[in-house]
Amino acid sequence: ARSVGFDGIIMGPDGYDGLKLTDDTSVYNKVYYTTHYSPDDTSNGKVQDFIKSFKDANGEDTNTFSALAYDTIYMLKQAFEKAGKNATREDVRNAVAGMSFDGVTGSFTLDKGGSPEKSVIVLEYKDGKPAYNSTVQPN
C-alpha cells in the first residue's frame, strides 16, 4: 500500500505477528494490528508475572503462542476442577461451556458453543517494532 502512495492507517489481524520487514521501517508507521498478547501490556497484571516465570523456566522470551498455550492449560485446569474428580468428557465439555476466564491473553467468557467473547490487544508499529497501543474490551 505504501509503495503506491497510501499514507493512511493500515489495520490488520493477528497474522501480522512476525512480519518480515523491509529495511525502510518508516513504511510501517501507522500500521496497527490485533493480537492475543503483548509483553508490553501493563493493563493486565498477570502478564509481567508470566514473562518472568517463563523466562526463568525456559531461558527465552515469551511470544503470543507461549501465552496462548499457558492460558489453555489453566483453562483446562479450571474446567477439570469444576467438572469434579470423576468427570466424564461430557462433564469437562459442560464445564468449558459458559466458562469465564482471566489469563495473560485477556479476560473472556465462552458461550455455550465454546466461542469466546474476549478482549483484544492492539499493537502498532513504531520504528519498525510492534508496541502495545491498547486493549479493547468486548461490549
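Here, the structure is the one placed above.
Residues numbered from 1 in each chain as written. Predicted model: local features only at pLDDT ≥ 70, side-chain atom pairs only at ≥ 80, totals over all residues. Heavy atoms only, no water.

## Details of the pattern of salt bridges
Inspection of every chain in the model, using the stated rule, returns five salt bridges. A salt bridge links D56 to K52; its shortest N-O distance comes to 2.8 Å. With D56 and K52 both in helix α1 (residues 45-58) and four residues apart, the pair spans about one turn of that helix. Here D56 matches K52 in class, with each residue exposed. A salt bridge links E124 to K126; the nearest nitrogen and oxygen atoms lie 4.0 Å apart. Classification of E124 as buried rests on a relative accessible area of 14%. Since its relative accessible area comes to 45%, K126 is described here as partly exposed. (Salt bridge = Lys/Arg side-chain N within 4 Å of Asp/Glu carboxyl O. Helix = DSSP H or I, 4+ residues; strand = E, 2+ residues; numbered from the N terminus. Buried < 20%, exposed > 50% of the residue type's maximum accessible area, 1.4 Å probe, protein only.)

## Some points on the sheet that holds strand β4 (residues 106-110)
Strand order in the open sheet made by the three strands is β3-β4-β5, with antiparallel pairing throughout. This sheet does not close on itself; its edge strands, each paired only once, are β3 (100-103) and β5 (116-118). On average, each strand axis in the sheet is tilted by 25° relative to the strand beside it, whichever way the strands run. As paired strands, β4 and β5 are joined by three bridges and run antiparallel to one another. (Pairing = 2+ DSSP bridges. Axes fitted to C-alpha atoms, helices over the stretch in contact; angles between N-to-C directions.)

Treat this as a map of the structure, not an account of what it does.
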